[in-house]
Amino acid sequence: MHPVHAFAALAMTGCVAALPQSIPLDQVTEIPAAPITETPLGEGAGTKVIPYAPDAVVADTFASVLADPASADKALKRRGWDCSEQPLGAGPVPSPDTPEAFLAMEELSNAANDAPLPAGYLNKFKNLKGSNNAVAYLGYNTLDTYDTQACADSCTAKEGCSSFNIFFERDPSVVPADSCAKPASTTVIKCVMWGSPITAETAVNTGQWRNDFHVVIAGSNGYVSERVVPVSGYSGESLGNVAINAPSDCNGDDTYMGYKLFNDGQPFEIARCAAACEAETKWNVEHLNSRMLCKFFNTYFLMKNGEPQGQYCSMYTQKWEKNVAVNDGQWRGEDHYTIASSYSYSNTTDPGKPKLPCDV
């Protein structure tokens, strides 16, 4: 049985849910979640860049969907010597210089609570004492001040970045060793970039020990982009935290073509869904002599209990308006599957339309 027909049969039995675009949890839960990366801590001030090549990812997506259509680092940096100086941060250091005093500093919590909201971003959490472990880590830079707009600008300029985490980090001023097991601290203001949504549920990295020195986090804020990324040949809009649940067209025909879930740890890339949509059309035309042409797609990050599972891509034969974006997730036992960073895109040349004789 071809995959799209297999899913249609599953939906008709009522095993998952009656709505055709409901998340097929019987299938999705069998797929491993996208790999999670911990925020590297304790490295002092500086910058770490993680390369990302979206064109290669998109090309691979087209090839993989054409072959299988829907309708068919945690280690600390090693150094060559002990007690070597680390780059110092620009944040305030408490007196006494202890992790407890750092975590209690009002100056840090006030900076986080009073931070302005950057244009084009949504605030997901404020003033936590943990950094994020999420999907698609894209590196970090350090700031001279707790500047959410500067961090947002770094994310916007970074290919693949869809969210950022800004926080104060208590780091050792030298690499801790037996002869300097508990050195003086320095406070680094970190801007960490991610290619997936981040939530309070993913801000679980509360620190680590380096010899007798305790690295801890304070004033941790998280922001997710809501900007509509341009995709060649498509016109898009943000749907927030809901997904399309399209009705039948005016002839009573289903316009839903199936889905793809990308959980390979790559950044959230809307062009991947466009490539999947185009590959789906090509496969249908060449193998089924079908006019089931993908003209519209909805892509979002599927979340399980607040943690990202992968990029979900639903495909349709025609454009649907925002008023049918009413799918806010599903429960499976005690697990809550929800939607984050949802966007819809329609073909600008031909957004699709029902077959004749429907009068539209």
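The paragraphs below set out a description of the structure included in this document. If you're wondering where the values come from, they're calculated on a predicted model, not measured in any experiment.

Some remarks on the overall build of the protein
Then, in step 1: Scanning the protein from N- to C-terminus turns up seven helices and 15 strands.
Then, in step 2: Taking all 360 residues of the protein together, the buried fraction comes to 53%.
Then, in step 3: Summed over all atoms, the accessible surface of the protein reaches about 15,900 Å², with 52% contributed by carbon and sulfur.

A word on the nonpolar core
Then, in step 1: In terms of nonpolar packing, the biggest core is built from 22 residues, with Tyr146, Phe164 and Ile166 touching the most fellow members.
Then, in step 2: With residues up to four places along the chain from it excluded, the contact list for Tyr146 reads Ala111, Ala112, Ala115, Ile166, Phe167, Phe168, Ile189, Gly219, Ser220 and Asn221.
Then, in step 3: Ala136, Cys273, Cys294 and Tyr343 belong to the second-largest nonpolar core, a separate cluster that totals 21 residues.

Comments concerning the state of the cysteines
A covalent bond bridging the sulfur atoms of two cysteines is what the word disulfide describes.
Then, in step 1: Tallied over the entire structure, the rule returns five disulfides.
Then, in step 2: Here Cys83 connects covalently by a disulfide to Cys180, the sulfurs 2.0 Å from one another. Between Cys83 and Cys180 the sulfur-sulfur dihedral comes to about -110°; the bridge is accordingly left-handed. Of this pair, Cys83 sits in the loop between α3 (54-67) and α4 (99-103) while Cys180 sits in the loop between β6 (163-172) and β7 (185-194); the two residues are 97 residues apart in sequence, bridging distant segments of the chain.
Then, in step 3: For Cys155, the disulfide goes to Cys161, at an S-S distance of 2.1 Å.

Comments concerning the packing of aromatic side chains
Then, in step 1: One pass over the structure, following the stated rule, counts twelve aromatic pairs.
Then, in step 2: For the ring pair Tyr146 and Phe168, a centre distance of 4.9 Å and an interplane angle of 20° mean the geometry is stacked. Within this pair, whereas Tyr146 is found in the loop between β5 (137-143) and α6 (148-157), its partner Phe168 is found in strand β6, the two being separated by 22 residues in sequence.
Then, in step 3: For Tyr146, a relative accessible area of 14% corresponds to the buried category.
Then, in step 4: Each ring, one from Tyr256 and one from Tyr316, has its centre 5.5 Å from the other, and the planes form 50°; the classification is tilted. Here Tyr256 is found in strand β11 (residues 256-262), whereas its partner Tyr316 is found in strand β13 (residues 307-316), with 60 residues between them in sequence.

Structural notes on the pairing of strand β15 (residues 335-347)
Then, in step 1: With respect to burial, β15 is a largely interior element, ten of its 13 residues being buried.
Then, in step 2: One ladder, built from six bridges, connects strand β10 (residues 234-240) with β15; its direction is antiparallel. Its bridge partner being in β15, Gly236 is matched across the sheet by Tyr345.
Then, in step 3: Direction of pairing for strand β12 (residues 296-304) relative to β15: antiparallel, over a ladder of eight bridges.

Some thoughts on the side chain of Thr186
Then, in step 1: Inspection of the secondary structure assignment puts Thr186 in strand β7.
Then, in step 2: A polar atom in the side chain of Thr186 sits 2.8 Å from the backbone nitrogen of Gly89.
Then, in step 3: Ignoring any residue separated from it by four or fewer positions in sequence, one finds Thr186 in contact with Pro87, Leu88, Gly89, Val93, Glu169, Arg170, Asp171, Pro172 and Ser173.

Some details on the pattern of salt bridges
Then, in step 1: For the structure shown, the criterion picks out six salt bridges.
Then, in step 2: Close ionic contact of Lys282 with Glu286 constitutes a salt bridge, the shortest N to O distance being 2.7 Å. With Lys282 and Glu286 both in helix α7 (residues 270-288), this residue pair falls four residues apart, about one helical turn.
Then, in step 3: For Lys282, a relative accessible area of 34% translates into the label partly exposed.

Topic: unusual backbone geometry
Then, in step 1: In this structure, Pro96 follows Ser95 across a cis peptide bond, with omega equal to 5°.
Then, in step 2: Looking at the element boundaries, Pro96 is found in the loop between α3 and α4.
Then, in step 3: If you check the backbone angles, Asn127 has positive phi at about 55° while not being a glycine.
Then, in step 4: Looking at where Asn127 falls in the secondary structure, it is placed in strand β3 (residues 121-128).

Cut-offs and rules
- All residue numbers refer to position in the chain's written sequence, counted from 1.
- Only residues with pLDDT of at least 70 are given local features in this predicted model, and only at 80 or more are side-chain atom pairs given and counted; all residues enter the totals for whole chains, interfaces and linings.
- Computation of side-chain values covers all heavy atoms of the structure but excludes hydrogens and water.
- Helix and strand assignments follow DSSP, with helices taken as H or I runs no shorter than four residues and strands as E runs no shorter than two, numbered in order from the N terminus.
- Here the term buried applies to any residue with accessible area under 20% of the maximum for its type, exposed to any over 50%, and partly exposed to those in between, with areas from a 1.4 Å probe on protein chains only.
- Every accessible area reported is derived by Shrake-Rupley at a probe size of 1.4 Å, with residue values counting cover from the shown protein chains alone.
- To qualify as a nonpolar core, a set must consist of buried Ala, Val, Leu, Ile, Met, Phe, Trp, Tyr and Cys residues joined through side-chain atoms within 4.5 Å.
- Contacts are assigned to residue pairs that have any heavy atoms within 4.5 Å of one another.
- By disulfide we mean two sulfur atoms from cysteines, separated by a distance within 2.5 Å.
- Aromatic pairs are defined between Phe, Tyr and Trp rings, using the six-membered ring for Trp, whenever the two ring centres lie within 6.5 Å; interplanar angles under 30 degrees are classed as stacked, those over 60 as edge-to-face, and all others as tilted.
- By the convention used here, strands pair only if DSSP detects at least 2 bridges between them.
- Here a polar contact means two N or O atoms within 3.5 Å. Within protein one must be a hydrogen donor candidate and the other an acceptor candidate, and residues neighboring in sequence count only if both atoms are side-chain atoms.
- Salt bridge, as used here: a side-chain nitrogen of Lys or Arg that lies within 4 Å of a carboxyl oxygen of Asp or Glu.

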